[in-house]
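Listed below, chain by chain, are the residues.
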Amino acid sequence: MQQDLKRGNLVVSLKRPTYGVCLVGNDTILDIYRSVPPGADSFDIRGSSLIDVTIIYNPSCLDNPQAKTTWPLNKGLKVVLSSTETSRNLNDSKVKVSYYGQNGKTLLGSSVLYLTSVAVGLDADVNRIGAVTLGEKDKGSWSWGPKGKGAILLVNCDRDKDAYGGLDCQDDSPPNSADIKDMSPMILTAEAPEEFFDDHQVILHIASSDADKLRVYCKYKSKYNQVLGVSKLCYEVKRYSQDMIQFYVEGLQFPDADFDGLVSINLSLQNRSDNTELYREKMVFRMAPWIMTPNTLKPLEVYVCSVDDNQVFLKQIKKLVKKARCNLTICDQLENRGDRWIQDEMEFGYTEAPHKRFAVVFDSPRNRQLKYFPFKEILGPDFGYVTKEPEDEEEINSLDSFGNLEVSPPVIVKGKSYPLGRILIGSDLPDSNMQMNKVVRDFLSAQKVQEPLELYSAWLSVGHIDEFMSFVPAPDRKGFRLLLASPRVCVQLFKEKQKQGYGDAVMFEGLEASAQIEQVTINQILCDETLNEGFNSAQKAIDRNRKIMKEQLGLSEEDIIDLPILYYKEGDRSTFGAYFPNMVNMLVLGSYLGIPKPFGPLIDGKCCLEEKAISLLEPLGLNCTFIDDFESYHLLSGEVHCGTNTLRKPFSTKWWECDL
């Protein structure tokens, strides 16, 4: 067979018949100019029933010679062959080219080409409908948006095989039937007369740079055999007389700083004798990202730790969770080893492809006593796990805890839509080196669909953004409100109460004596210059974040609610802690809010801080429950949100429909 792959052409000869391959569904150029007899000025071409012959010409140079029997040779014409069905036998199609001289009057010679029509190709779910679409074109590229195309891989980061203690993507043993469901199906078509494959082979291959990012399995009988990935870069397809062969493609890595998320599988049809390539195509996949879920999405399950001194707190959380109709998981002392800060240890999210979706817990690098809980207790069937840790553990600081990691609800900023919200992380001032660890920030940025935004949080003693902000659902406007802690609002509230004659009302009234907290009046707080200096400094830091979020989340003042709080400066340090339980650090369960009980001054038997929060939040249809976390969390520099974590329902919007 003479098939010129350098030019992508089939060629013909006047001396002898030639043989070639025509790919069903693909156009093949026939080079009729390589063997033109001397004196020829025109040609005629005829094909048998399986072959369609198309002449491509420039209408400005040549009228359509429908009334003529021959075509001119000097007008830059192209001959294109195509076939719509495969051959039943080798060389069962024929194309004859006849060359003429004297303006088409004299036959000078003929060439005969025998063709075998074969169907070879890779197919996957490039239309993102949850099933493989056969015969699609343009599989070698990937595009975003509602009209985008391209196949998707899940990172197989859950654990479907109980016998193996790690992630499925780290397991070298063959997958089971549950594991296969996490993979993307891919179908290889290799349809031709059986004798064709005596002299031809179909090869699948991947680049070495993709070898650690995907694996490909082929089912034979009852076993799934790995054919590509890791150390296997090339696979000669075993057809076993099948025209369509089922493969399953497994993702091994999420997008990251050094990985844009795109991988490809290449197919080539080759002659066995000399490995000449007759046809090639590429199937591109994008790895599905890890996606965070904001407070505004439906809660599914709440996680909380049980420790020696939080049983009252735990009892109140149980009641709130029951009202919100959520599930509750209590991490016992054997599992938490005295670490109550479950929000700091992990963040819940999910990953999704058109055929499958499952939750994924992102384990923070803080690595305190809860270090093993996400891996040992949460990782499981259809519940994935991912972590990013620096090589040097000394690089880890408080900003790497996930109380410092939040995500906004969907927003539109200056005409740009973020349908999955924007990730929010806390950092120091721009000229400081104190930031969330680079490996975590790079990972979050690489997911692309929730572009991270840095806020200023290092002014706080713990340094987490959940100490000054939260989001709650709302029935109007953008569907949510941003809650900001506000010393300014608190001071204004206390001044109002002072004017009303309640200046002697006492903070922290009703607390147990074991709390050892000095009870102070509104008058004492307002005249304490040191405290007020701290209030002003904290307010400036919050106002700075307010400006950032208004600009970068597209918010107006009407989208923001200020909750009263006071911060105090911690001795000679330049950081601040909450003076009383910080109401913004709340647990949001749909319309039910678990708010730290502030123990503010009682006015007519009611806490004026609680009443202020209720007046701001309950008109939005939110139900406020105040939870006593004073001794078990507040005195340890945390609140309700720090001590809980929530798995939420994923977005209904598909990440691949984002316009990036």
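Residues numbered from 1 in each chain as written. Predicted model: local features only at pLDDT ≥ 70, side-chain atom pairs only at ≥ 80, totals over all residues. Heavy atoms only, no water.

A.B. asks: Residues and numbers for the sheet that holds strand 24 (residues 356–363), please.
C.D. replies: Note on sheets: strands pair through backbone hydrogen bonds, and any given pair is parallel or antiparallel. Across the sheet, four strands lie side by side as 20-23-24-25; this open sheet has mixed pairing. The strands lining the two open edges of the sheet, one partner per strand, are strand 20 (291–292) and strand 25 (383–387). Judged from the five bridges that link them, strand 24 and strand 25 form a sheet pairing that is parallel. Pairing of Phe362 across the sheet is with Val386, part of strand 25. (Pairing = 2+ DSSP bridges. Helix = DSSP H or I, 4+ residues; strand = E, 2+ residues; numbered from the N terminus.)

A.B. asks: Explain the packing of aromatic side chains residue by residue, including any values.
C.D. replies: Per the stated rule, a full pass over the model turns up 25 aromatic pairs. Here the aromatic rings of Tyr224 and Tyr248 are separated by 5.7 Å at their centres, their planes lie at 80 degrees, and the arrangement is edge-to-face. One end of the pair, Tyr224, is in strand 15 (residues 223–228); the other, Tyr248, is in strand 17 (residues 244–251), and 24 residues separate them in sequence. Chaining the aromatic ring pairs together yields one cluster made of Phe254, Trp290, Phe362, Phe402 and Phe443. Above the plane of the ring of Trp142 lies Arg128, whose end atom (NZ or CZ) is 4.1 Å from the centre. The ring of Phe599 has Lys597 sitting right over it, with the charged end atom 5.5 Å from the ring centre. (Phe/Tyr/Trp six-rings, centres within 6.5 Å; stacked < 30°, edge-to-face > 60°. Lys NZ or Arg CZ within 6 Å of the ring centre and 35° of its normal.)

A.B. asks: Could you give an account of the sheet that holds strand 21 (residues 299–305), naming the residues involved and the relevant values?
C.D. replies: Strand order across the open sheet formed by three strands is 22-21-41, with mixed pairing between neighbours. One side of each edge strand has no neighbouring strand; the edge strands of this open sheet are strand 22 (327–331) and strand 41 (644–648). Pairs of neighbouring strands in the sheet enclose a mean axial angle of 20 degrees, with direction left out of account. (Axes fitted to C-alpha atoms, helices over the stretch in contact; angles between N-to-C directions.)

A.B. asks: Requested: an account of unusual backbone geometry, with residues and values cited.
C.D. replies: A positive phi is found at Asn91, a non-glycine position, where the angle reads about 55 degrees. If you trace the backbone, Asn91 turns up in the loop between strand 8 (78–83) and strand 9 (93–101).

A.B. asks: Go over empty space enclosed by the protein, please, and point to the residues and values.
C.D. replies: Applying the stated criterion across every chain, the model contains three cavities of 30 Å³ or more. Roughly 220 Å³ of internal volume is contained in the largest cavity. If you go around the largest cavity, you meet 23 residues; those closest to its centre are Asn295, Gln343, Glu347, Glu406 and His641. Those elements that place two or more of their residues in the lining of the largest cavity are strand 23 (346–353), strand 26 (405–407), strand 31 (469–473), strand 36 (587–589) and strand 41. Here the lining of the largest cavity is built from residues that sort into 11 nonpolar, eight polar and four charged. Looking at the second largest cavity, its volume works out to about 80 Å³. Asp125, Gly130, Ala131, Val132, Ala151, Ile152, Ser184, Pro185, Pro354 and His355 together form the lining of the second largest cavity. (1 Å grid on protein atoms, 1.4 Å probe; cavity = no way out; pocket = protein on both sides within 12 Å on 5 of 7 lines; lining within 4 Å. Points joined across faces, edges and corners; volume = space filled by probe spheres on them. Nonpolar A, V, L, I, M, F, W, Y, C, P; charged D, E, K, R; others polar.)

None of the figures reported here should be taken as evidence of function without further support.
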